[in-house]
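Here is how the chains run, residue by residue.
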Number of protein chains: 2
Amino acid sequence: MARPVAYLGPPGTFTEQAARKDNPQADLESFPSIQGVALAVASGIADEGVAPIENSLEGSVNDTLDILIRQPALFIRRELVLPIAHCLLAASGAGAGDLEIIYSHPQALGQCRDFLERCFPKVQLVASLSTAAAVEDMMESGPKAAAIAPGQAARLHGVEILATGIQDNNSNMTRFVVLSGSDSPPTGDDKTSLCFSFGEDRPGLLHEVLGEFARRDINLAKVESRPSKQFLGDYVFLMDVHGHREEPAVKEALRSLKGRSSMFRVFGSYPRWRGSTHP
Amino acid sequence: MARPVAYLGPPGTFTEQAARKDNPQADLESFPSIQGVALAVASGIADEGVAPIENSLEGSVNDTLDILIRQPALFIRRELVLPIAHCLLAASGAGAGDLEIIYSHPQALGQCRDFLERCFPKVQLVASLSTAAAVEDMMESGPKAAAIAPGQAARLHGVEILATGIQDNNSNMTRFVVLSGSDSPPTGDDKTSLCFSFGEDRPGLLHEVLGEFARRDINLAKVESRPSKQFLGDYVFLMDVHGHREEPAVKEALRSLKGRSSMFRVFGSYPRWRGSTHP
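Worth saying up front: this structure is predicted, and the values here are computed from it rather than measured. (Residues numbered from 1 in each chain as written. Chains lettered and ligands numbered in written order. Predicted model: local features only at pLDDT ≥ 70, side-chain atom pairs only at ≥ 80, totals over all residues. Heavy atoms only, no water.)

Caption draft 1: Just the overall build of chain A, in detail. Looking only at helices and strands, chain A features 9 helices and 15 strands. A globule of 279 residues ought to have a C-alpha radius of gyration of about 19 Å, and chain A, at 20 Å, matches this closely. In terms of principal-axis extent, the alpha carbons of chain A reach across some 65 × 50 × 30 Å. Here chain A holds 279 residues, and 59% of them are scored as buried. Restricting the contact set of chain A to residue pairs at least 6 apart, pairs at least 24 apart contribute 76%. Averaged over its 27 positive side-chain charges, chain A has a centre that lies 5 Å from the centre of its 34 negative ones. (Helix = DSSP H or I, 4+ residues; strand = E, 2+ residues; numbered from the N terminus. Rg over C-alpha atoms; globule rule 2.2 N^0.38 Å. Buried < 20%, exposed > 50% of the residue type's maximum accessible area, 1.4 Å probe, protein only. Contact = heavy atoms within 4.5 Å. Lys, Arg positive; Asp, Glu negative; His and termini not counted. Charge placed at Lys NZ, Arg CZ, Asp CG, Glu CD.)

Caption draft 2: View of the relation of the copies chain A and chain B. With an axial shift of 0.0 Å and an RMSD of 0.0 Å, the rotation relating chain A to chain B amounts to 180°. Taken together, the rotation and translation relating the two chain copies correspond to the operation of a two-fold axis. Most of the interface of chain A is mirrored in chain B, where 100% of its interface residues again form contacts. (Least-squares fit on C-alpha atoms with pLDDT ≥ 70 in both.)

Caption draft 3: Geometry of the nonpolar core. Counting residues in each nonpolar core, the largest one holds 39 residues, and the members touching the most others are Phe213(A), Met239(A), Phe213(B) and Met239(B). Apart from the residues within four sequence positions on either side, Phe213(B) is in contact with Ile218(B), Leu220(B), Met239(B), Val241(B), Ala253(B), Leu254(B) and Leu257(B). With 28 residues, the next largest nonpolar core counts Cys87(A), Ala134(A), Leu89(B) and Ala134(B) among its residues. (Core = buried A, V, L, I, M, F, W, Y, C linked by side-chain atoms within 4.5 Å.)

Caption draft 4: A look at the sheet that holds strand 12 (residues 190-197) of chain B. All names here are of chain B. Strand order in the open sheet formed by 4 strands is 13-14-12-15, and the pairing between neighbours is antiparallel. Pairing within the sheet leaves two strands with one partner each, and these edge strands are strand 13 (220-227) and strand 15 (263-271). Between one strand axis and the next, the sheet turns through 15° on average, direction left out of account. Pairing geometry for strand 12 and strand 14 (residues 235-242), over 6 bridges, is antiparallel. Opposite Cys 195, over in strand 14, you have Leu 238 as the bridge partner. Those strands touched by helix 8 (residues 205-214) are strand 12, strand 13 and strand 14, and its axis lies near 15° from that of strand 14. (Pairing = 2+ DSSP bridges. Axes fitted to C-alpha atoms, helices over the stretch in contact; angles between N-to-C directions.)

Caption draft 5: Layout of the packing of helix 2 (residues 34-43) of chain A against helix 3 (residues 62-70) of chain A. Residues and elements named next belong to chain A. Packing of helix 2 against helix 3 leaves a shortest axis separation of 9 Å and a crossing angle of 30°. Note on packing geometry: the crossing formed by helix 2 with helix 3 is right-handed. Contacts from Ile 34, Gln 35 and Ala 38 in helix 2 reach Asp 63, Thr 64 and Ile 67 in helix 3. (Left-handed = near helix turned anticlockwise from the far one by under 90°.)

Caption draft 6: Geometry of the packing of aromatic side chains. All names here are of chain A. Counted by the stated rule, this structure contains 8 aromatic pairs over all chains. An aromatic cluster is present here, built from Phe 196, Phe 198 and Phe 237 joined pairwise through their rings. The ring of Phe 75 is capped by Arg 265, whose NZ or CZ atom sits 5.3 Å from the centre of that ring. (Phe/Tyr/Trp six-rings, centres within 6.5 Å; stacked < 30°, edge-to-face > 60°. Lys NZ or Arg CZ within 6 Å of the ring centre and 35° of its normal.)

Caption draft 7: Seen up close, the packing of helix 8 (residues 205-214) of chain A against helix 8 of chain B. The N-to-C vectors of helix 8 of chain A and helix 8 of chain B enclose an angle of 145°; their axes lie 9 Å apart at closest approach. Two packed elements cross with a definite hand, and for helix 8 of chain A against helix 8 of chain B that hand is left-handed. Contact with helix 8 of chain A, carried on its side by Leu206(A), His207(A), Leu210(A), Gly211(A) and Ala214(A), involves Leu206(B), His207(B), Leu210(B), Gly211(B) and Ala214(B) of helix 8 of chain B and no other residues of that element. Residues of the contact of helix 8 of chain A with helix 8 of chain B, tallied by class, amount to 6 nonpolar, 4 polar and no charged. (Nonpolar A, V, L, I, M, F, W, Y, C, P; charged D, E, K, R; others polar.)

Caption draft 8: Summary view of the confidence of the model for chain A. When pLDDT is averaged along chain A, the result is 91; 98% of the residues meet or exceed 70. Taken together, the chains of this predicted complex give a pTM of 0.85 and an interface ipTM of 0.82. (pLDDT = per-residue confidence, 0-100.)

Caption draft 9: Region of interest: the environment of Glu58(B). Here Glu58(B) is to be found in the loop between strand 3 (48-55) and strand 4 (59-60). Spatially, the C-alpha atom of Glu58(B) lies 17 Å from that of Pro150(B), the residues being 92 residues apart in sequence. Apart from residues lying up to four places away in sequence, Glu58(B) is in contact with Asn62(A), Arg226(A), Pro227(A), Lys229(A), Gln107(B), Gly110(B), Gln111(B) and Arg113(B).

Caption draft 10: Representation of the interface of chain A and chain B. Between chain A and chain B, the contact holds 45 residues from the first and 45 residues from the second. Between chain A and chain B, roughly 3600 Å² of surface is buried when both sides are summed, and carbon and sulfur atoms account for 52% of that area. Of all residues in chain A, His207(A), Lys229(A) and Leu232(A) bury the most surface against chain B, accounting for 18% of the area lost on that side. We note a salt bridge from Arg113(B) to Asp63(A), for which the minimum N-O separation is 3.0 Å. Those elements that place two or more of their residues in the side of chain A that touches chain B are strand 3 (48-55), helix 3, strand 8 (124-127), strand 11 (173-180), helix 8, strand 13 (220-227) and strand 14 (235-242) of chain A. Counting residues per element, the side of chain A that touches chain B draws most heavily on strand 13 of chain A, which supplies 8 residues. Of the residues contributing to the side of chain A that touches chain B, the split by class is 19 nonpolar, 13 polar and 13 charged. (Buried area = accessible area lost by both parts, 1.4 Å probe. Salt bridge = Lys/Arg side-chain N within 4 Å of Asp/Glu carboxyl O.)

Listed below in structure tokens is the structure:
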């Protein structure tokens, strides 16, 4: 029997949408945290796991980055991008003027900051574990509560949609990664994600590293830093570059980078998202 | 009459500790959000405002970065670093086994993730606006609630400390910035913070920019990226470099960077934190 695909649940999250879009035939199993999804894949409970990694308004999902940095058994096998449209949900009959508390995932609350500050400046905002969990929190909390969640969560739970498209910006997109025990073979249009850190601190180190890619005409899709968690001001750099780790130019640049860094890990090479589904 | 110093309140937050350490004589006024602190300074209600910008475990405080990117009237005048020791607080008589809900600021919940997952895997975690607000939320919520907050919040509210030093890592430090209408004059040991973005996407652009600093032996203290909020994959880069913007080498590098970027803003030059208080 095929093992299931783990995703950040409960049912009704944008991550569930992403998992279904990535593989409509898969048997999906929800986990309550990104750490849970990662452990399900690393331990073999699930074959693949789907987690958000970056949003166009709020930026990186730090939990996912920190897991990739620290979990050597996990690789990125695919990526996919979904448009995110948030709705304000409430129990049937509840009016916007009655609301005292609004639940959602912190990223969703952040993505709707302008709407919330303008329309509900006095309402208490409470973080839930996911947008779908926010709907459950709202239902337990009574008629003065609302939740920010995907529209399909309203259908799933039989609650009302008070407002749609409440995100601050219509270019709200989230990038998801499919985590697995291995990455993907070359397709000719790939990305490679990696992280590294330096054991020393001198001018120009990062410049030299970027030079390894620039001189080989390898485009950087993203550069990011995360705390090393050792001491303040000590960072792990994360990078997405165009190309597959088996392509000679990328391979050489990675080899040279590995030689310069005190910590180095390739999260994997995978097809660049072009709007298509499961390759 | 001197105008007050705004800080991310309410009283009892680590930011209040930082504001007092920065200027023990100041008249402090608390604001409920980082956006509120920024607006108080930009509008002239407060002369200076104190906000967290980076934690050694959780990374950057995105609200503060996004405000600096978008608010041209605000500059960084000073920085200071405080060690962060979190405590678990509860009403007198409450036992750890009775807890059903724990409140704190999302950064503090993140900093105590291991402790919470091991000791309270089934307890509901709820985000509050600040660690001090978490204590108020806890007190309103009843005897099954606890809060993660600084130890002095326990004294302020007359509640009990159930556990101390519960952060995942003893190197937990937070860097704060003092925001104002202008930055600081050169002291000989300064930092300069800035942001920029490119109007185009070609291999090597970021490498060229870092080269402007590397070739002048200017050390990079930090490189970070935030979403431009225009579209996914479009970033604003934030950088801290050693030196003052009036030093010739830094001045030249900044001029050259400005010429290469489509958006460019210097957040200010200010004395590098060396463990001292108000200079």
